[in-house]
Amino acid sequence: MPLSEHPLSPQPAVEIDHVSYTYPARGFDVLPVPAIENVHFTIDQSTKLGILGPNGGGKSTLIKLILGIIKPTTGTIRVFGQAPAQARQNGLIGYLPQRIEADRSCPISIEQVVGLARACHTKPWKKLTQGDQAAIDRAIELVDLQALATHPIGALSGGQLQRVMIARAIANNPKLLVLDEPTVGVDIAGQQRFGQLIETLHKELDLTVIVVSHDMRAIAAVADRVACLSRSLHFHAAPDGLTPAVLAQVFAHDVAGVFGDIHIDAHLADGCDDPSHAHQHQHDCGCDEKGAES
Amino acid sequence: MNDFAPAIIAALVISLMGGALSVFVVLKRLAFIGQGISHAAFGGVGIALVLGVYSSTMMGAIGQLGIVVAFSILAALWIAALTRTHHGRADTAIGVVLSASMALGFVLFTVAESGHAHDETGAAEHQDGHHLIEEILFGNILDTDWPRASIAIVVAIVILAIVWFIRRRLLFWAFDEPVVDAFGLSAKGLTNLFLVLLALAIVMAMQIAGVVLAAAMLVLPGAAALNLSARLKPVFMYSILIAVGGAALGMFIGIERSYPIGPTIVLTQSVMYLVTLAAKFTPGRSS
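As the structure is a computational prediction, the values presented were derived from the model and not from experiment.

Draft legend 1. How the structure looks around the interface of chain A and chain B. In this complex, chain A contributes 35 residues to the contact, which on the side of chain B involves 25 residues. With both sides pooled, the region where chain A packs onto chain B buries about 2700 Å², and carbon together with sulfur makes up 63% of that total. Taken together, the links from chain A to chain B amount to two salt bridges. Here A:R168 makes a salt bridge to B:D176, at a shortest N to O gap of 2.8 Å. At the boundary of chain A and chain B, one finds nine residue pairs in polar contact (both at pLDDT 80 or more). Among the elements that make up the side of chain A that touches chain B, the one with the highest residue count is helix α3 (residues 110-119) of chain A (five residues).

Draft legend 2. Examining the packing of aromatic side chains more closely. Residue and element names in this part refer to chain B. With the rule as written, the count across this model stands at eight aromatic pairs over all chains. Note on F42 and F106: the rings are 4.7 Å apart at their centroids and 55° apart in plane angle, and the pair reads as tilted. One end of the pair, F42, is in helix α2 (residues 31-50); the other, F106, is in helix α4 (residues 90-117), and 64 residues separate them in sequence. Under the relative-accessibility criterion, F42 is labelled buried at 0%.

Draft legend 3. Geometry of the pattern of salt bridges. Residues and elements named next belong to chain A. Scanning the model with the defined rule gives 10 salt bridges over all chains in all. Salt-bridge contacts for R231 lead to E37; the nearest nitrogen and oxygen are separated by 3.9 Å. Within this pair, whereas R231 is found in the loop between β8 (225-230) and β9 (232-233), its partner E37 is found in strand β2 (residues 33-43), the two being separated by 194 residues in sequence. In this structure R231 comes out as partly exposed when scored by relative accessible area, which is 39%. Within the structure, one salt-bridge network assembled from shared partners comprises K48, E199 and K203.

Basis of the calculations
For every chain, the first residue of its written sequence is number 1, and the numbers climb from 1 along that sequence. Naming scheme: in the order in which they are written, chains are lettered from A and ligands are numbered from 1. For a predicted model such as this one, the threshold for reporting local features is a pLDDT of at least 70, and the threshold for listing and counting side-chain atom pairs is 80 or more; totals across whole chains, interfaces and linings nevertheless cover every residue. Values reported for side chains reflect all heavy atoms of the structure, with hydrogen atoms and water molecules removed beforehand. Whether two residues are in contact is decided by their heavy atoms, any of which lying within 4.5 Å being enough. Here's the idea: put two parts together, see how much 1.4 Å probe accessible area each one loses, and the total over both is what we call buried area. Here, a salt bridge means any Lys or Arg side-chain nitrogen found within 4 Å of an Asp or Glu carboxyl oxygen. Polar contact is defined as a pair of N or O atoms within 3.5 Å, subject to the rule that within protein one atom must be able to donate a hydrogen and the other to accept it, and that residues adjacent in sequence are counted only when both atoms are side-chain atoms. Segments assigned H or I by DSSP are reported as helices when at least four residues long, segments assigned E as strands when at least two residues long, and all are numbered from the N terminus. Classification of ring pairs uses Phe, Tyr and Trp, with its six-membered ring standing for Trp, and accepts pairs whose centres are within 6.5 Å; under 30 degrees between planes counts as stacked, over 60 as edge-to-face, and the remaining range as tilted. Partly exposed residues are those whose accessible area sits between 20% and 50% of the maximum for their type, while under 20% is buried and over 50% is exposed, using a 1.4 Å probe and protein chains only.

Spelled out as structure tokens, the structure:
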């Protein structure tokens, strides 16, 4: 039974029920690779959850599962009570990709990029309505690009292009926003600006936000709760901060050497090297976790 | 000149279609997939010949077209599937499908010829082998009559209509394929659909420019147009203008000077591309 911070909230944003995913064998010599194992937690609506984990820890797999692009090998996932693929089809999930692989030589404007996302949920033969146009304008306004709306995307800076991608992600008024390694290679000031932008969207659109990263700072800039994923979900409920010992367990190497003396707000990260913490402090966290022991 | 009317109209409509598709081909870097498909069509012609389906009669022409279209579509989907197994890299897939189909085509040509050497009626219908191969490799649009031209025109218009119909989805796919699935569309579905349209378009363009040069008509106009503008509507407008203008000018020069039409059109469009390249790098030009 998921415990939730808001007992009266009608429905969790995401329910992940004992989910495992194993990439299938390929050829004669690539064995099946388990990516995540027995992950079990619930994300309440309107929370901003950070999922921290090392490269190869299963973060991208978890995102694909939540988006419904792949199906769990075992277990089930519900997004707002729907199968993930259904929720995605219904425009409930907004997605910001890890790397912007969009073709910058493509001859389109910011407005058109956002409009194309809007059109994904319109019948192809139907024109975009005034309502669609209003949604497009609002999304562009929320990322503060209205002055450039008709500009070709080829002329934008990297930061501006990312804001276009955020506008595209919210074009269909999603209820869940999934951010995949959003601030890789961005300096701290940039990460903080990104965090402020996501905070604005979170408030304006009442979004549930999931941010996935290997970078503690990227998580800190956005999330107000943290879970750690390294094949299995380790912990995310303790008031004492995410200690180096805990991080070392997740990243499987000396964390101090990597993170230095990074300051972590106590409310933000939850050290859970002792799984019992998870149970003690479930109420501190928007997400209930039961896969810790696995 | 009147004899050429069906050829000219068919060539202009096919070029118009090429102009619209080529923008997507260039954005999605499908130029060599186009080459792969067009060369694969050669295998389809070989199969048609072995089956005794010749383009010397109307029914034969339709039958041959059907077989070549089917073979090209299979080749396109095969390239797409192989590309996926090679982690999105198309070069190996094209290398395999192009070579295998060309080799199959040449072997089947020989099989068909030796088969008909012993067959009096078949030999009478059979066109001269070398002439036929040349026609398939480089095209022979001027021989087109009204019935054949009508087929090409109808197919070209159907392709244009489908592209117009799903233009926003195609554009999304062309702009950012890796996220297409996350937005509720199917990247695989859109890729396969576009490659099927491309295969059909290439078989139509083959009638003008043959196996070797058909893909050029589905690359050059878009590549040229993208040198001229960074905005959607102008790019498509320029692309179609360059495609149709290049085809008209190429045909005019070809007919006047008795040059082979397909290569002359491709050459004309290539010169236009070079001119746009010069325009792109002219200082002081605003995009």
